[in-house]
Amino acid sequence: MNPSTQLIERYYAAFNAAEWETFFGLLTEDVAHDINQGARESGKAAFRAFIARMNRSYREQIVDIVIMSNADGSRAAAEYVVLGTYLATDEGLPEAHGQTYRLPGGAFFDIRDGKVARVTNYYNLEDWLRQVGA
């Protein structure tokens, strides 16, 4: 297994364990985060704020993870399933009342100096909305 694949495994393991300092330690200071159907945010501070917002509204585990990387380890991708609970209403979205969801997703990564320099997340928002009863 190459170092990039191991990095992405550690990334999801830290996410699932809510080990946030470990998680953020896997990111470059200038990490680019492309939010599904949203804007790009840059920097670790912006990513921390995003995770804080997510943790307020959602409890999620990433399962059935398949990781792929290119030969030189500069890019990787992951396909997965999100098992989640919608805990508190997120701004602009339907009212939360503990709905659960199972949502396929994917992410694309740029890797620099052994850390995640970019992550672009994708999931089907319309599928999520149907699952939470929008």
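Our subject is the structure that appears above.
Because the structure is predicted, anything quoted here is derived from the model rather than measured.

Definitions and limits used
- Residues numbered from 1 in each chain as written.
- Predicted model: local features only at pLDDT ≥ 70, side-chain atom pairs only at ≥ 80, totals over all residues.
- Heavy atoms only, no water.
- Helix = DSSP H or I, 4+ residues; strand = E, 2+ residues; numbered from the N terminus.
- Contact = heavy atoms within 4.5 Å.
- Core = buried A, V, L, I, M, F, W, Y, C linked by side-chain atoms within 4.5 Å.
- Buried < 20%, exposed > 50% of the residue type's maximum accessible area, 1.4 Å probe, protein only.
- Polar contact = N/O pair within 3.5 Å; in protein donor to acceptor, adjacent residues only side chain to side chain.

Asker: Could you clarify how one ought to interpret the environment of Thr120 in this entry?
Answerer: Examined against the element boundaries, Thr120 turns out to sit in strand 6 (residues 115–123). Distance from Thr120 to His33, taken between C-alpha atoms, is 6.0 Å for residues 87 residues apart in sequence. Among residues more than four places away in sequence, those in contact with Thr120 are Asp34, Gly106, Ala107 and Phe108.

Asker: What's the story with the nonpolar core in this structure? I'm lost.
Answerer: Soluble globular proteins tend to pack their nonpolar side chains together in the buried interior. Ranked by size, the top nonpolar core spans 35 residues in total, and within it Ile8, Tyr11, Phe47 and Phe109 carry the most contacts. Top element by residues in this core is helix 1 (residues 3–17). It accounts for six residues. Apart from residues lying up to four places away in sequence, Ile8 is in contact with Ile67, Ala76, Ala78, Phe109, Ile111 and Val116.

Asker: For this particular structure, what's the right way to read the side chain of His33?
Answerer: Checked against the element boundaries, His33 lands in strand 1 (residues 27–34). A polar contact of 3.3 Å, which involves the side chain of His33, links it to the side chain of Asn121. When neighbours within four sequence positions are excluded, His33 is seen to be in contact with Ala39, Arg40, Glu41, Phe47, Phe50, Val119 and Asn121.

Without other data, these values stay purely geometric and don't point to any function.
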